[in-house]
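# Descriptive structure summary
In case you want the letters, here they are:
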Amino acid sequence: MHIWVDADACPAVIKDILFRVAERLQLNVTLVANQLIRVPGSRFIRALQVPAGPDVADAEIVERVNPGDIVVTGDIPLAALVLDKGGLPLNPRGEWYTRDTIAQQLTMRAFMEELRGSGVDTGGPAAFSQADRQQFANALDRELARRRRPS
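First, a word on what this report is: a plain description of the structure on this page. No experiment lies behind these values; they were computed from the predicted model shown. Per chain, residue numbering runs from 1 following the sequence as it is written. pLDDT decides what is reported in this predicted model: residues at 70 or higher carry local features, side-chain atom pairs at 80 or more are listed and counted, and totals for whole chains, interfaces and linings draw on all residues regardless. As a rule here, side-chain values cover all heavy atoms of the structure and leave hydrogens and water aside.

Across the sheet, which stays open at both edges, the five strands sit in the order β3-β2-β1-β4-β5 with parallel pairing between neighbours. Of all the strands in the sheet, just β3 (45-49) and β5 (88-90) have a single pairing partner and so form its edges. Ignoring strand direction, the axes of neighbouring strands in this sheet form an average angle of 20°. What makes two strands pair is DSSP finding at least two bridges between them. To qualify as a helix, a DSSP run of H or I must reach at least 4 residues; to qualify as a strand, a run of E must reach at least 2; elements of each kind are numbered from the N terminus. Across five bridges, strand β1 (residues 2-6) lies against strand β2 (residues 28-33) in parallel orientation. The partner of I3 across the bridge, within β2, is V29. Where helix α1 (residues 12-25) meets the sheet, its contacts fall on β1, β2, β3 and β4 (70-72), and the angle it forms with β2 comes to roughly 150°. Each of β1, β2, β3 and β4 touches helix α2 (residues 56-64); the most contacted strand, β1, lies at about 165° to it. Only the stretch in contact is used when fitting a helix axis, every axis being a line fitted to C-alpha atoms; angles between N-to-C directions are given from 0 to 180 degrees. Contact between two residues is taken to exist if any of their heavy atoms lie within 4.5 Å; hydrogens are not considered.

Time to look at the environment of T101. By the secondary structure assignment, T101 is in helix α4 (residues 99-117). Using a 1.4 Å probe on the protein chains alone, a residue whose accessible area is under 20% of its type maximum counts as buried, one over 50% counts as exposed, and one in between counts as partly exposed. Look at T101 and you get partly exposed, because its relative accessible area is 28%. The spacing of T101 and R142 is 41 residues in sequence and 20 Å in space, taken between C-alpha atoms.

We define a nonpolar core as any set of buried Ala, Val, Leu, Ile, Met, Phe, Trp, Tyr and Cys residues linked to one another through side-chain atoms lying within 4.5 Å. If you look at the biggest cluster of nonpolar residues, it comprises 24 residues, and the most contacted ones within it are I3, V5, L18, L31, V72, F136 and L140. Elements supplying a minimum of two residues to this core: β1, α1, β2, β4 and α5 (130-148). For this core, the element with the highest residue contribution is α1, accounting for six residues. Residues within four places of L140 in sequence aside, it is in contact with I3, L18, V21, I70 and L90. With eleven residues, the next largest nonpolar core counts V50, I61, V65 and L78 among its residues.

Next up on the list: the pairing of β1. The side chains of a regular strand alternate between the sheet's two faces. Of all five residues in β1, five are buried, a share of seventy percent or more. Of the two faces of β1, both are covered, the one formed by H2, W4 and D6 as well as the one formed by I3 and V5. In this view, the connection linking β1 to its parallel neighbour β2 by way of α1 has right-handed handedness. Pairing of β1 with β4, which is carried by three bridges, proceeds in the parallel orientation. Paired with W4 across the two strands is V71, which belongs to β4. Handedness of a crossover: with both strands directed away from the viewer, a clockwise path from the first strand across the helix to the second marks it as right-handed.

Quick look at the structure:
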């Protein structure tokens, strides 16, 4: 199993959680971004810089993800592609994207884009909170614990 991170927009506190998890559980974590990302010196953590451009990092993640890999992203279209490849997309706020919810999320995203395109101020997401950080850590920990349990 590998953890891939859509790192361009991933909050620093989430990256820190992932760095600790990588070391503690000796899991490979790769941050993919179109800018230079600093990562701690570790044989389990690496940064992959891709060329600038729309969705280049997303395409790189989709190309490399394997079934069962976890992908940390807030990008709903990327989450849909990850699901198609058998990966497990997790939002930085600790919500798993699933086959049951992704179509509705894509529809809502398109609707909000249409509203913004017509000049409606839709606001933005709520500020990232301590509760979001904790929900992410708990969701990731539950999934990793589930995988470590003997069958």
